[in-house]
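Summary of structural features
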Amino acid sequence: MPIPVMQGSPVEIDDTTVAGLRVYYPLFSRIDLVCGKMPAKRDTSVIFCAEAAFTHELLDEFSHSNIDGDHVSGGKRYTGADCLDNSGAFAWFSDTTWEFVHGEYGELLDSVAEAGGMGFGQAIIIYNGETIRPLWRDGEHQYRALCEKDGSLCIVDSRSEVEYDDFVAMLEKLAPRHALYLDMGAGWNHSWWRDGKGQVIEIHPKADKSRYCTNWITFYR
């Protein structure tokens, strides 16, 4: 069933373009990687947030070193845990520009930190329109990716549990220029967006393991 989107909503939703996918387009003015504590729902400047980089271990206390891969939050670069699955990255440069990379991304993080932006490493799925093979994982789950589609940023979710290769096939049908994996799974899939009335809509409910989450890509109105 399609989600109704009110006129003036800060997040536009398309769940009709490709069967099995739901696409969220935040109409944002800035992006950050919020670390340590999930953005508060009472902060009305936040219009969308979701887990971004992997969390290395289930720890009761937050540490930037427990986020998989080096990352930039609030214009400051931090050293994260080593992660072999991080085959690419995303960065936003604190103006109107962003960049996806495939491969080593240390220089990208240096540049985005200097610009006062944000960035993080993850598994690249599609880069410059080409699917990165072999596929890095398998299994039936609900999956999510941060994408660039027709010059806009969007978050793409599978509407149900699917095999990973089926999710990738659906992304190929959507045909984004770039697609970068976003962390999912019970707890890590807890995410939300804000509608035109300012109400928060949860995409996945909070779970016990949500307390171990470490970082969120956050879009601001």
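Let us look at the structure shown here.

1. With respect to helix α1 (residues 106-114)
Each α-helix winds once per 3.6 residues, and so residues spaced three or four apart point in a common direction. Those residues of α1 that fall on the buried side of the exposure criterion are Gly106, Leu108, Leu109, Val112 and Ala113. In a view along the axis of α1, the buried residues occupy a sector of 155°, so they form one face of it. Pointing more than 90 degrees away from the buried face of α1 are the exposed residues Glu107 and Glu114. Buried positions along α1 lie against β5 (71-73), β6 (76-78), β7 (88-92), β8 (98-102) and β9 (118-122). Positive backbone phi, approximately 80°, marks glycine 116, located one or two places after α1.

2. Section: unusual backbone geometry
The omega torsion across arginine 133 and proline 134 is 5°, close enough to zero to call that bond cis. Note on placement: proline 134 falls in the loop between β11 (130-131) and β12 (140-141). Positive phi outside glycine occurs at aspartate 150, with the angle close to 50°. Tracing the chain through its elements places aspartate 150 in the loop between β13 (144-149) and β14 (152-158). Despite not being glycine, alanine 175 has its phi angle at roughly 65°, a positive value. Using a relative accessible area of 45% as the deciding quantity, one classes alanine 175 as partly exposed.

3. As for the layout of surface pockets
Looking at the largest pocket, its volume works out to about 250 Å³. If you trace the largest pocket, you find 14 residues lining it, with Met38, His190, Lys206, Ser210 and Trp216 closest to the centre. For the lining of the largest pocket, the residue count by class is 5 nonpolar, 4 polar and 5 charged. Here the lining of the second largest pocket is composed, by residue class, of 4 nonpolar, 4 polar and 4 charged.

4. Regarding the sheet that holds strand β3 (residues 30-35)
Strands sit in the order β3-β19-β4-β17-β18 across an open sheet of 5 strands; the sheet is antiparallel. Both edges of this open sheet fall to β3 and β18 (200-204), since each of them pairs with a single strand only. Taken pair by pair, the neighbouring strands of this sheet meet at an average axis angle of 20°, ignoring direction.

5. Examining the nonpolar core
Within soluble globular proteins, side chains that are nonpolar tend to cluster in buried spots. With 27 residues, the main nonpolar core has Phe90, Phe120, Leu146, Ile217 and Phe219 as its most contacted residues. Contributing elements (two or more residues each) for this core: β1 (11-14), β3, β4 (46-51), β7, β9, β14 and β19 (215-220). Phenylalanine 219 has contacts with Pro26, Phe28, Arg30, Ile31, Ser45, Val46, Ile47, Phe48, Leu146, Leu153 and Ile155, leaving out every residue within four places of it along the chain. Membership of the second largest hydrophobic core comes to 24 residues, among which are Tyr25, Ile126, Phe167 and Leu174.

6. Quick look at the packing of aromatic side chains
A full pass over the atoms with the stated rule returns 16 aromatic pairs. With 5.5 Å between their ring centres and 55° between their planes, tyrosine 24 and phenylalanine 48 make a pair best called tilted. Taken together, the residues tyrosine 24 in strand β2 (residues 21-26) and phenylalanine 48 in strand β4 connect sequence positions 24 residues apart. Per residue, the accessibility class of tyrosine 24 equals that of phenylalanine 48, and both read buried. Between the aromatic rings of tryptophan 136 and tyrosine 164, the centroid separation amounts to 6.1 Å while the plane-to-plane angle is 80°, which identifies the pairing as edge-to-face. In this pair, tryptophan 136 sits in the loop between β11 and β12 while tyrosine 164 sits in helix α2 (residues 164-174), placing the two residues 28 residues apart along the sequence.

Rules used in this analysis
Residues numbered from 1 in each chain as written. Predicted model: local features only at pLDDT ≥ 70, side-chain atom pairs only at ≥ 80, totals over all residues. Heavy atoms only, no water. Buried < 20%, exposed > 50% of the residue type's maximum accessible area, 1.4 Å probe, protein only. Helix = DSSP H or I, 4+ residues; strand = E, 2+ residues; numbered from the N terminus. Arc of directions from axis to C-beta. Contact = heavy atoms within 4.5 Å. 1 Å grid on protein atoms, 1.4 Å probe; cavity = no way out; pocket = protein on both sides within 12 Å on 5 of 7 lines; lining within 4 Å. Points joined across faces, edges and corners; volume = space filled by probe spheres on them. Nonpolar A, V, L, I, M, F, W, Y, C, P; charged D, E, K, R; others polar. Pairing = 2+ DSSP bridges. Axes fitted to C-alpha atoms, helices over the stretch in contact; angles between N-to-C directions. Core = buried A, V, L, I, M, F, W, Y, C linked by side-chain atoms within 4.5 Å. Phe/Tyr/Trp six-rings, centres within 6.5 Å; stacked < 30°, edge-to-face > 60°.

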